[in-house]
Amino acid sequence: FPTRRSSDLCDPSAWVHIEAYFTIQALQLYEVADSEATGVIDIMRGGMSEPHFVASVQPMDATPRALMMATADQRGRPLCSCAPASVLSGASSSGFCSELEFRDSRGRHWGALVPHGPDTYTIFKQGGREALFVEGDQTSGRLVVRLGDEVVAHAAMDNDCTYLEVGVKPHSDPLLMLSSVLAVLIFNPEDPGHMSPEPSCL
């Protein structure tokens, strides 16, 4: 799948063997969604009771809050990270950000997520090439990730708003998809020309 490989953030050896359906406790997500909060989110795979991945929201380098993804058994070795670019450039710490930067496991700049209006985002790879589109639906409370016209991931709360359920299409990098979804929900990036309401369950 050479066209897909170019959109990978993490080495496929970290994820190609796993079932790409995940659940995340909404309470853990709420706790780190505050503009100054830090913490850890357990990411369960399928119906498993132990986390497969963990997402940590904590300071990184000069950034007060960054999202780092790692396997549960190697929490100290992030596979990728994401942080508001506006913080790095000295913008206000009010919780507002207009762009998120993605970095790979070596800390190298991979790309950025940029909002284009209410609940619409584009992920650009380094060099400015569009890689993915992220769209939110306020009515259903869903987020959808597209590669061109193809849906490669979707996320939505369950009926009780207890768990966030994330499904990822085979051969798509689930760490990039999880990072994108969680980054939108945690950092709430907004187009400076628009104001976006909160998701229905979040």
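Thresholds, definitions, all that
Residues numbered from 1 in each chain as written. Predicted model: local features only at pLDDT ≥ 70, side-chain atom pairs only at ≥ 80, totals over all residues. Heavy atoms only, no water. Phe/Tyr/Trp six-rings, centres within 6.5 Å; stacked < 30°, edge-to-face > 60°. Buried < 20%, exposed > 50% of the residue type's maximum accessible area, 1.4 Å probe, protein only. Helix = DSSP H or I, 4+ residues; strand = E, 2+ residues; numbered from the N terminus. Contact = heavy atoms within 4.5 Å. Salt bridge = Lys/Arg side-chain N within 4 Å of Asp/Glu carboxyl O. Axes fitted to C-alpha atoms, helices over the stretch in contact; angles between N-to-C directions. Parallel < 35°, antiparallel > 145°, perpendicular 65-115°, else oblique. Nonpolar A, V, L, I, M, F, W, Y, C, P; charged D, E, K, R; others polar. pLDDT = per-residue confidence, 0-100.

## With respect to the packing of aromatic side chains
Inspection of the entire model under this criterion finds 2 aromatic pairs. Considering the side-chain rings of Phe-102 and Trp-110, the 6.1 Å spacing of their centres and the 85° angle between planes classify their relative orientation as edge-to-face. For the residue pair Phe-102 and Trp-110, the accessibility class agrees, reading buried in each case.

## Points about the environment of Met-68
Residue placement: Met-68 occurs in strand β4 (residues 63-71). For Met-68, a relative accessible area of 10% translates into the label buried. C-alpha of Met-68 to C-alpha of Ala-55: the two residues are 13 residues apart in sequence and 5.5 Å apart in space. In this structure Met-68 touches Val-54, Ala-55, Ser-56, Gln-58, Pro-59, Met-60, Pro-78, Cys-80 and Ser-81, once residues within four positions along its chain are discounted.

## What to know about the pattern of salt bridges
By the definition in use, this model includes 4 salt bridges. A salt bridge links Asp-104 to Arg-108; the shortest N-O distance between them is 2.8 Å.

## Considering the packing of helix α2 (residues 26-33) against helix α4 (residues 174-187)
Any two packed helices are characterised by the angle at which their axes cross and by the distance between the axes. Where α2 meets α4, the closest approach of the two axes is 8 Å, and the angle between their N-to-C directions is 55°. Judged by the inter-axis angle, α2 sits oblique to α4. Side by side, α2 and α4 meet where Leu-29, Val-32 and Ala-33 of the first sit next to Leu-182, Leu-185 and Ile-186 of the second. Residues belonging to the contact of α2 with α4 are distributed by class as follows: 6 nonpolar, no polar and no charged.

## Digging into the confidence of the model for the chain
In this model, the chain carries a mean pLDDT of 81, and residues with pLDDT of at least 70 account for 79%. For the chain, per-element mean pLDDT is lowest for helix α1 (residues 2-5), which scores 39, and highest for strand β12 (residues 163-168), which scores 94. For residues 1-6, every residue scores under 50 in pLDDT, and the model assigns this stretch 11 contacts once sequence neighbours within four places are set aside. Low pLDDT (under 50) marks residues 87-95, which in the prediction has 8 contacts with non-local residues, meaning those over four places away or in another chain.

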